[in-house]
Amino acid sequence: MAKKRPVPKRAPKPAKLAKAAKAAKPAGKQGANGPAGPSAVVVFTLRDTGASPLRFHSEHQDLSRAKGIALALANSPDVADAFVLHNVEVVRRAGMG
């Protein structure tokens, strides 16, 4: 019968060093002090038989999406007019989201 050869034990692996923290990615177009709110607002009025129609708005981050929403609203039979306002600041009273 053949003799068994002793298997040398492996040395323990050294502990891995912690990965270095990744550098912060550039903020892109807006930067640190850029606007946090919407870049485009769609304003539309509903068709109303009363004295004055109500005016509503929807906020969007993307101008092309806002234009698409305005076009869809303008084609609706319930909407009288639709406008896209670009680079606007929406002002709300305190406590309103």
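Residues numbered from 1 in each chain as written. Predicted model: local features only at pLDDT ≥ 70, side-chain atom pairs only at ≥ 80, totals over all residues. Heavy atoms only, no water.

1. Some details on the confidence of the model for the chain
Chain-level pLDDT for the chain is 74 on average; 68% of the residues reach the 70-or-more range. Here strand β2 (residues 55-60) stands out as the element of the chain with the lowest mean pLDDT, 82, in contrast to helix α1 (residues 63-74), whose mean of 90 is the highest. (pLDDT = per-residue confidence, 0-100. Helix = DSSP H or I, 4+ residues; strand = E, 2+ residues; numbered from the N terminus.)

2. A look at α1
Taking 1.5 Å of rise per residue, twelve residues should cover 16 Å, and α1 covers 16 Å from first to last C-alpha, within 8% of that figure. Taken as a whole, α1 has its buried residues at A66, A70 and L73. Angularly, the buried residues of α1 cover 65 degrees about the axis, an arc narrow enough to put them on a single face. Opposite the buried face of α1, at more than 90 degrees from it, the exposed residues are S64, R65, K67, L71 and A72. Buried residues in α1 make contact with β1 (40-46), β2 and β3 (79-86). (Expected span 1.5 Å × (residues − 1). Buried < 20%, exposed > 50% of the residue type's maximum accessible area, 1.4 Å probe, protein only. Arc of directions from axis to C-beta. Contact = heavy atoms within 4.5 Å.)

3. Describing the environment of T45
Along the chain, T45 falls in strand β1. Linking T45 and A80, residues 35 residues apart in sequence, is a C-alpha distance of 5.5 Å.

4. Examining the sheet that holds β3
Taken together, three strands build an open sheet; the order of strands is β2-β1-β3 and the sheet is antiparallel. The open sheet has two free edges, formed respectively by β2 and β3, since each of these has just one partner strand. The mean angle between the axes of side-by-side strands here comes to 20 degrees, regardless of whether they run parallel or antiparallel. Across six bridges, β1 lies against β2 in antiparallel orientation. Across the sheet, the residue bridging to A40 is H60, located in β2. With respect to the sheet, α1 is in contact with β1, β2 and β3, its orientation differing from that of β3 by roughly 170 degrees. (Pairing = 2+ DSSP bridges. Axes fitted to C-alpha atoms, helices over the stretch in contact; angles between N-to-C directions.)

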